[in-house]
Amino acid sequence: MKGKRNEEQFRFKQEQIETLKSLEDSGYIDLYFGDQSHFGLSPNVPYAWQTKDNPILLPAAKGKYQNVVGLMTRKNKLYFETLETTFNSDRIISFMNRFVEQTIKKTIVILDNSPIHKSKKFMAKIEQWKEKRCFNLLFATLFSRVKPD
């Protein structure tokens, strides 16, 4: 993805994150990084190092996925929830509502550019979260494709 990113925006976001880290180190803010993932019995490995004559075979078992969404600080403070259903905007909003309720001081959450993080419903909640707990949201575009303006 490095060749597809906008270097100017990438450097700007890196500088912003470094500033936020300094504010967190000084105790002025709490800084969380968020993501979603899932766990299941079916392996999700698209490739592996193997020889043509000796392929690597991974046993698979059908079963439910366990989805997890989490927010974590650089000091390993973790706020998370698990679901047996998939995440959508409504579920992420509910998770963030619960997270915002337990914040104590100014909190910054850095998320990736996942479509559910940029949905109209999710974006509409950001102002409400800001008012409630001086909560801000920064989309980190460091590792995702950035379209030039």
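To be clear, the structure that these remarks concern was listed above.
Residues numbered from 1 in each chain as written. Predicted model: local features only at pLDDT ≥ 70, side-chain atom pairs only at ≥ 80, totals over all residues. Heavy atoms only, no water.

What the chain contains, in helices and strands, is three helices and five strands. Going from N to C terminus, the chain has its helices and strands arranged as α-β-β-β-α-β-α-β. Across the 149 residues that make up the chain, the buried fraction comes to 34%. When contacts within the chain are restricted to residue pairs at least 6 apart in sequence, long-range pairs at least 24 apart make up 66% of them. Of the roughly 10500 Å² that the chain leaves accessible, carbon and sulfur atoms contribute 56%. (Helix = DSSP H or I, 4+ residues; strand = E, 2+ residues; numbered from the N terminus. Buried < 20%, exposed > 50% of the residue type's maximum accessible area, 1.4 Å probe, protein only. Contact = heavy atoms within 4.5 Å. Areas by Shrake-Rupley, 256 points an atom, 1.4 Å probe, with all protein chains shown as cover.)

Moving on to helix α1 (residues 7-25). Spanning 19 residues, α1 covers 27 Å between terminal C-alpha atoms, matching the ideal 27 Å at 1.5 Å per step. Buried within α1 are the following residues: Phe10, Lys13, Ile17, Leu20 and Glu24. Down the axis, α1 shows its buried residues gathered within 85 degrees of arc, on one side only. Facing away from the buried surface of α1 by more than 90 degrees, the exposed residues are Glu8, Glu15 and Asp25. Regarding α1, its N-cap is Asn6, as a side-chain oxygen of that residue lies 3.0 Å from the backbone nitrogen of Glu8 further along. In the stretch just after α1, Gly27 is the one whose phi turns positive, near 85 degrees. (Expected span 1.5 Å × (residues − 1). Arc of directions from axis to C-beta. Polar contact = N/O pair within 3.5 Å; in protein donor to acceptor, adjacent residues only side chain to side chain.)

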